[in-house]
Amino acid sequence: AKVVDMEITTWNYKHDEDEVRHIGPIAEDFREAFELGENNTTIAAMDKDGVALASIQALHKELRQKEARIDQLENRLQAMEQVLQSLTGEDRN
């Protein structure tokens, strides 16, 4: 949720040419959200990677839960369709 709520922006450093762009969160926001790193002016690559991996794991867990719920609902629908078919004698496929 913290990653979803975090603003992602683009910028270029003062020493970069105008066409060189970077993308990511603001260091101060990252520090406030995750309380990681040495300060609120930089984001360590390891911390960004860790947050990204934790987010991927959380999304995977949520996806598996939703897949299980869809399977339950599909099974329930199939059972209800069989009952309906037995009551009406109609094949709904």
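Placed above this text is the structure.
Every value quoted in this text rests on a predicted model; they were computed, and no experiment measured them.

Reading the values: rules and limits
- Residues numbered from 1 in each chain as written.
- Predicted model: local features only at pLDDT ≥ 70, side-chain atom pairs only at ≥ 80, totals over all residues.
- Heavy atoms only, no water.
- Salt bridge = Lys/Arg side-chain N within 4 Å of Asp/Glu carboxyl O.
- Helix = DSSP H or I, 4+ residues; strand = E, 2+ residues; numbered from the N terminus.
- Buried < 20%, exposed > 50% of the residue type's maximum accessible area, 1.4 Å probe, protein only.
- Arc of directions from axis to C-beta.
- Contact = heavy atoms within 4.5 Å.
- Core = buried A, V, L, I, M, F, W, Y, C linked by side-chain atoms within 4.5 Å.
- Phe/Tyr/Trp six-rings, centres within 6.5 Å; stacked < 30°, edge-to-face > 60°.
- Lys, Arg positive; Asp, Glu negative; His and termini not counted.

What follows is about the pattern of salt bridges. A full pass over the atoms with the stated rule returns one salt bridge. Between Glu-67 and Arg-64 there is a salt bridge, with the nearest N and O atoms lying 3.2 Å from each other. Pair noted here: Glu-67 and Arg-64 are both in helix H3 (residues 45-88), with a separation of three residues, about one helical turn.

Moving on, we get to helix H2 (residues 27-34). Of the residues making up H2, those classed as buried are Ala-27, Phe-30, Ala-33 and Phe-34. Relative to the axis of H2, the buried residues are bounded by an arc of 135° and lie together on one face. Those residues of H2 that are buried lie in contact with helix H1 (2-5), strand S2 (22-25) and H3. Residue Glu-35 follows H2 closely and has a positive phi angle near 50°.

Following the sequence through the fold, Ala-79 ends up in helix H3. Separated by 38 residues in sequence, Ala-79 and Thr-41 have C-alpha atoms that sit 58 Å apart.

On to the nonpolar core. Counting residues in hydrophobic clusters, the biggest one holds five residues: Met-6, Phe-30, Ala-33, Phe-34 and Val-51. At three residues, the largest contribution of residues to this core is made by H2. Non-local contacts of Ala-33, meaning those with residues more than four positions away in its chain, are made with Lys-2 and Met-6.

As enumerated under the stated definition, the model contains two aromatic pairs in all. Each ring, one from Trp-11 and one from Tyr-13, has its centre 6.2 Å from the other, and the planes form 80°; the classification is edge-to-face. Take Trp-11: its relative accessible area is 24%, and that puts it in the partly exposed class. Owing to a relative accessible area of 41%, Tyr-13 belongs among the partly exposed residues under this scheme. Pairing Phe-30 with Phe-34 gives two aromatic rings, centres 5.0 Å apart and planes at 50°, and the pair type is tilted. You can see Phe-30 and its partner Phe-34 sitting in helix H2, four residues apart, about one turn around the helix. Relative accessible area serves as the criterion here: at 5%, Phe-30 is assigned to the buried category. With relative accessibility at 19%, the residue Phe-34 sits in the buried group.

With respect to the helices and strands, Asp-47 occurs in helix H3. An unpaired buried charge is present at Asp-47: no salt bridge exists, and Arg-31, the closest side chain of opposite charge, is 7.1 Å distant. Not counting residues within four places of it along the chain, the set of residues in contact with Asp-47 comprises Phe-30, Leu-36 and Gly-37.

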